[in-house]
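Descriptive structure summary
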Amino acid sequence: QVQLVESGGGLVQAGDSLRLSCAASGRTRSFNDMGWFRQAPGKQREFVAAITWSGRNTYYTDSVKGRFTISRDNAKNTVYLQMNSLKPEDTAVYYCAARDSGWEIFELRGYGYWGQGTQVTVSS
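Rules used throughout
Residues numbered from 1 in each chain as written. Predicted model: local features only at pLDDT ≥ 70, side-chain atom pairs only at ≥ 80, totals over all residues. Heavy atoms only, no water. Helix = DSSP H or I, 4+ residues; strand = E, 2+ residues; numbered from the N terminus. Buried < 20%, exposed > 50% of the residue type's maximum accessible area, 1.4 Å probe, protein only. Contact = heavy atoms within 4.5 Å. Salt bridge = Lys/Arg side-chain N within 4 Å of Asp/Glu carboxyl O.

Comments concerning the environment of phenylalanine 31
Mapped onto the fold, phenylalanine 31 is located in the loop between β3 (18-26) and β4 (34-39). Taking the relative accessible area as the measure of exposure, phenylalanine 31 reaches 7% and is therefore buried. Spatially, the C-alpha atom of phenylalanine 31 lies 22 Å from that of threonine 118, the residues being 87 residues apart in sequence. Contacts of phenylalanine 31, omitting those with residues within four sequence positions, involve Val2, Ala24, Ala98, Arg99 and Tyr113.

Rendered as structure tokens:
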């Protein structure tokens, strides 16, 4: 079993920053790549960012490039999402996920382990 627990969400104003954390526990050797997804009300869950085990490769959806940074600390089994210059359209529940299959790294179906989500609300 793998457990993923997100933290760091909250209510901020446009232009502010937040850092999300995702702590993994359990059979952490079951996966390598980690990702962040988000789901806004009435919308499908979408890819935000991902990072390979080494941290050498990172991937972002276009709308967050230059504003968000994903990183990881394998010693702590923790992945982070630094979010800067937040916009109201970033408002969503943010989910941490662990990839355990061969689908493209931005594909939701490639992630078999999910956290419970943390709410991020950006006011204008």
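There's more to say after this.
Quick look at the pattern of salt bridges
When charged atoms on two side chains of opposite charge get close, those side chains can pair. Using the criterion set out here, one finds six salt bridges in the structure. Between aspartate 90 and arginine 67 there is a salt bridge; the shortest N-O distance is 2.8 Å. In this pair, aspartate 90 is assigned in the loop between β8 (78-83) and β9 (92-99) and arginine 67 in the loop between β6 (58-60) and β7 (68-73), connecting sequence segments 23 residues apart. Of the two residues examined, aspartate 90 and arginine 67, each falls in the buried class. Note that arginine 109 is salt-bridged to glutamate 107, the shortest N-O span being 2.8 Å. With a relative accessible area of 51%, arginine 109 lands in the exposed category. Residue classification places glutamate 107 among the buried residues on the basis of a relative accessible area of 18%. When salt bridges with common partners are traced through the structure, they connect Arg38, Glu46, Arg67 and Asp90 into a single cluster.

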